[in-house]
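# Chain and residue survey
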Amino acid sequence: MNPAADGAHQADEKSLDTMRKFAQTYAQRSGTYFCSDLGTTAVVLEGLAKHKEDLGAPLCPCRFYEDKEAEVKSTYWNCPCVPMRERHECHCMLFLTEDNPFAGDKQEISVAEIRAETNKY
Amino acid sequence: MAEGSKLVLDVTDDTFKEKVIDCDVPVLVDFWAPWCGPCRMVGPVVAEIAEQYEGQIQVFKVNTDENPQVASQYGIRSIPTLMIFKGGQRVDMVVGAVPKTTLATTLEKYLSA
């Protein structure tokens, strides 16, 4: 755990790399793209990896939960969440359909690119 | 979210009543969380709004991880959620990363009346 500037903690590099690989594969398989601003992608991947480490599942970091442990068990918001799997809707902007104005043309991101962004926080 | 604007101050579970509910002017509150991608996009928009409407409104941000009481009280689900308060009441909200014009239009409704 590396404390960053505003107290947000990063995940281990190993968890981050696992999450990164999952996201790359899932983007390809679902025909979706990362955000044209890869900093957004980086932040979300860090959050997912951190939740995987702390809670045992990559709970969506773009929701507020009364009880994170209970949410993990219910699985609805574990990435890829139900809205993503059923309708290709990712309000976290990790997986964007081609027609989304924020979609870029990449389905790949490196650990270095992720950390270049998340080291700022 | 993390990028600081002097006009967008942190509010907490403890200070929410004093800073938001008891405020004499309309208040915009940005409910955010660490490692939330769209929060990172909406942060600068909120900062621009705070500058544009300086003197007319107050703008605060709430880290929902650190302030679960107020997040829970207002039924926050999707993050970011931007809420507008007037006279101690929640009067409107916008969910997700929205363009500045959308936020400005929503806010304008509560400035004149």
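In what follows, the structure referred to is the one given above.
Cut-off values and rules
- Residues numbered from 1 in each chain as written.
- Chains lettered and ligands numbered in written order.
- Predicted model: local features only at pLDDT ≥ 70, side-chain atom pairs only at ≥ 80, totals over all residues.
- Heavy atoms only, no water.
- Disulfide = S-S within 2.5 Å.
- Helix = DSSP H or I, 4+ residues; strand = E, 2+ residues; numbered from the N terminus.
- Buried < 20%, exposed > 50% of the residue type's maximum accessible area, 1.4 Å probe, protein only.
- Pairing = 2+ DSSP bridges.
- Axes fitted to C-alpha atoms, helices over the stretch in contact; angles between N-to-C directions.
- Contact = heavy atoms within 4.5 Å.
- Salt bridge = Lys/Arg side-chain N within 4 Å of Asp/Glu carboxyl O.
- Expected span 1.5 Å × (residues − 1).

## Remarks on the state of the cysteines
Under the counting rule described, the total for this entry stands at 2 disulfides over all chains. Put simply, A:C62 and A:C92 are joined by a disulfide, and their sulfur atoms are 1.8 Å apart. Torsion about the S-S bond of the A:C62 and A:C92 cystine: about 75 degrees, corresponding to right-handed handedness. Separated by 30 residues along the polypeptide, A:C62 in the loop between α2 (38-55) and α3 (68-74) and A:C92 in the loop between α4 (82-87) and α5 (111-118) bring together distant segments of the chain. We note that A:C62, like A:C92, is buried. Linked covalently through their sulfurs, B:C36 and B:C39 form a disulfide whose S-S length is 2.3 Å. Measuring handedness by torsion sign, the sulfur bridge of B:C36 and B:C39 sits at about 80 degrees and is right-handed.

## Here we look at the sheet that holds strand β2 (residues 27-32) of chain B
Either a parallel or an antiparallel arrangement is found when strands of a sheet pair, and the pairing is made through backbone hydrogen bonds. All names here are of chain B. The strand order β1-β3-β2-β4-β5 describes an open sheet built from 5 strands, whose pairing is mixed. Of all the strands in the sheet, the pair left with one neighbour each is β1 (8-10) and β5 (89-95). The mean inter-strand angle of the sheet, taken between neighbouring strand axes irrespective of direction, is 25 degrees. Across 5 bridges, β2 lies against strand β4 (residues 81-86) in antiparallel orientation. Residue pairing in the sheet places F31 in a bridge with T81 of β4. Sitting on the sheet, helix α2 (residues 37-52) touches β1, β2, β3 (58-63) and β4, and the angle it makes with β2 is about 165 degrees.

## Describing the pattern of salt bridges
Residues and elements named next belong to chain A. Tallied over the entire structure, the rule returns 14 salt bridges over all chains. Across the pair D17 and K21 runs a salt bridge, and its minimum N-O distance is 3.1 Å. Taken together, the residues span about one helical turn, with D17 and K21 both in helix α1 (residues 13-30) at a distance of 4 residues. Across the pair R115 and E46 runs a salt bridge, and its minimum N-O distance is 2.9 Å. Within this pair, whereas R115 is found in helix α5, its partner E46 is found in helix α2, the two being separated by 69 residues in sequence. Given the relative accessible area of 0%, E46 is considered buried.

## Points about α2(A)
Residues and elements named next belong to chain A. A rise of 1.5 Å per residue sets the reference length of α2, with its 18 residues, at 26 Å; its end C-alpha atoms lie 25 Å apart and thus fit the reference within 8%. For α2, the buried fraction is high: 14 of the 18 residues fall into the buried class. Positive phi shows up at G56, right after α2, with a value of about 90 degrees.

Functional significance is not addressed by these values, which are geometric in nature.
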